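Each chain, letter by letter, is given below.
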Amino acid sequence: MNYKKILNNEKFIIISLFLFAFLLRIIFKNAGLFHFDSYADARTVEQIFERGSMQYSYAYGAPTAMILTFLFFMIDKLIFGATQAENTYFFVNFLTAALSVALIYIIAKKITRNTFVGIVSALIFAVNPVFLAVTTYPKTHSISIFFALLGGLLLLKAADKNSLKLLILSGLSFGLNIGTRPDGVLYLIPFILLYIDPKIKNKALILKKDRLTLKKILTFIISVIIPPLILFLPWFLDKGIADFLRALNPQTELRLDRGESNLGTAFSNITTALTWLGIAFAALGSLYLYIKNRKLVLITLLLWFALFFFSLGLTLPENTSYARFFIPTMIPLTILAATGLRAIYRKNKLITLLVILFLLGSTFAVAYPIISYRHEHSGTKDFAIYAEENTEENAVVMTNDLGFFIQYYGNRTIIIHPRTGNLNEIDEFMEELKEYVDQGIQIYSTEEGFGIDPGQGVLNAITQEYDIILIGESDNEWYGGSSLELKVYKEKLFKLVPKSQ
């Protein structure tokens, strides 16, 4: 066998990278729907089937992800009789994450004109601890990245082949990306820059005018607009555009006050994910591209990083600069790091390969304690099962976000107390509790169920009428900002017993 020929085979490389990324996520698959957004998305897919109409998930709705998962869910339902979308959503995320890794290889190779850079870029991104952690359970990140990179590749291909068809497909793919995560619109800028391919000669800006005809510009713009317009049209018609715009506001989504800047936290998360060694090679790669007069590639990658880094770092609410939001910034840095490794590979192949193995091992080591633990324990699911085992079948559980998991996995009815501090609302809630007591239904509460209680109005009202008895506690994990660390804690379960009893 000619091993060198096999290793240089484009299909073999792409398939190998895809399988590596896909199997890695299967091996470390999370034990459940760990994140609230994951639950909300899976439940939305099920509701599309139940109600026979378009449904939107949490915050901005992510309709592209919902429809894509729904299509696979219907296949799963027809072939295997699936009743829940949980496993389907896992599969869609594993699939799009692995395809994204393969696309990074193709794009990095194309823009740097180097196979080595393409392979190393894909490998580094495949084991990026943030990307790996948030693609071992279902989220919209991998779906967004897949459509963005596919749109970018198609745009570059459209430029090469002067193809209007590829230009349309590129626009549609970018539009589907925006329909997954609206900040995906920023991916358009670096790829459009590569498509335009501007050059400066004799202090004059030279553009390839055949790529910028009015027909092509309008065709591309319309192609980008059509998918989100169609996907969000039911929302516009039902609730209005103003309601949609409110959902896009991070303050609405995260329910926190806006901070001045999260750039420091964001950069810290990026360096933890890529390690300082990776950052150093990204700097070397930037220098290498500058020396080799590959300034357009360098500017594009730095612009790609800056667009996401500053737009998210300066607009996300305070203390919510979660590492997962900045995955798009790590893609260009990964390509730059691979370029830096290419620079020393030409000098000493053996040392470079050892450095690559060390870098891959270092980044994977950041993720391993997290993904290995969550492969065995999904805190929100584990506690939901604990609540099921320690409550009656017809019991109600007072809770907050954790309650959705108790509903999904624990098959218990949940109630959520008023969060406004309004006394009339609290009185109505107390009447609701009394009705359960009159029907002989047992009332329980999680510890977090007493949270978000201005002035402790709900707690005071409950303690006047009920004894709060500790049933026990079980491991849980807070999913917010947990991309780079485990946030395991003990969640308590209480029983509310009327004082009259």
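This text goes with the structure placed above it.
### What about the environment of T69?
Point 1. Positionally, T69 belongs in helix α4 (residues 63-80).
Point 2. T69 gets classed as buried once you look at its relative accessible area, which sits at 0%.
Point 3. Once the C-alpha coordinates of T69 and Y479 are considered, the two residues, 410 residues apart in sequence, prove to be 22 Å apart.
Point 4. Apart from residues lying up to four places away in sequence, T69 is in contact with V45, T88, Y89 and V92.

### What about empty space enclosed by the protein?
Point 1. Applying the stated rule across the entire model yields two cavities of 30 Å³ or more.
Point 2. Estimated volume of the largest cavity: approximately 90 Å³.
Point 3. Around the largest cavity, the lining comprises twelve residues; the ones closest to its centre are D37, D41, Y58, Y60 and T140.
Point 4. Here the lining of the largest cavity is built from residues that sort into four nonpolar, three polar and five charged.
Point 5. The space that makes up the second largest cavity amounts to roughly 70 Å³.

### Concerning a negative patch on the surface
Point 1. The grouping of E425, D427, E428, E431, E432 and E435 at the surface amounts to a negative patch.
Point 2. Along the chain, the position of E428 falls in helix α20 (residues 423-438).
Point 3. On the basis of relative accessibility, which here comes to 56%, the residue E428 falls in the exposed class.

### What to know about the side chain of K216
Point 1. With respect to the secondary-structure elements, K216 resides in helix α11 (residues 214-239).
Point 2. It is D210 that comes nearest to the buried, bridge-free K216 among opposite-charge side chains, at 5.0 Å.
Point 3. If near-sequence neighbours (up to four positions away) are discounted, K216 is found in contact with N162, L164, L167, Y195, D210 and R211.

### Side note on helix α8 (residues 141-161)
Point 1. For α8, which comprises 21 residues, the first-to-last C-alpha distance of 30 Å matches the rise-based estimate of 30 Å (1.5 Å per residue) to within 8%.
Point 2. Looking one or two residues beyond α8, the residue adopting positive phi is N162, at roughly 50°.

### A few points about a nonpolar patch on the surface
Point 1. Among the surface-exposed residues, I15, L19, L23, I26 and I27 lie close enough to one another that they form a single nonpolar patch of about 440 Å² accessible area.
Point 2. Considering the arrangement of structural elements, one finds L19 in helix α2 (residues 10-27).
Point 3. The partly exposed category is assigned to L19, whose relative accessible area is 39%.

The rules we used
Residues numbered from 1 in each chain as written. Predicted model: local features only at pLDDT ≥ 70, side-chain atom pairs only at ≥ 80, totals over all residues. Heavy atoms only, no water. Helix = DSSP H or I, 4+ residues; strand = E, 2+ residues; numbered from the N terminus. Buried < 20%, exposed > 50% of the residue type's maximum accessible area, 1.4 Å probe, protein only. Contact = heavy atoms within 4.5 Å. 1 Å grid on protein atoms, 1.4 Å probe; cavity = no way out; pocket = protein on both sides within 12 Å on 5 of 7 lines; lining within 4 Å. Points joined across faces, edges and corners; volume = space filled by probe spheres on them. Nonpolar A, V, L, I, M, F, W, Y, C, P; charged D, E, K, R; others polar. Patch = residues over 30% accessible without salt bridge, like charges linked within 9 Å, V, L, I, M, F, W, Y side chains within 5 Å. Areas by Shrake-Rupley, 256 points an atom, 1.4 Å probe, with all protein chains shown as cover. Salt bridge = Lys/Arg side-chain N within 4 Å of Asp/Glu carboxyl O. Lys, Arg positive; Asp, Glu negative; His and termini not counted. Charge placed at Lys NZ, Arg CZ, Asp CG, Glu CD. Expected span 1.5 Å × (residues − 1).

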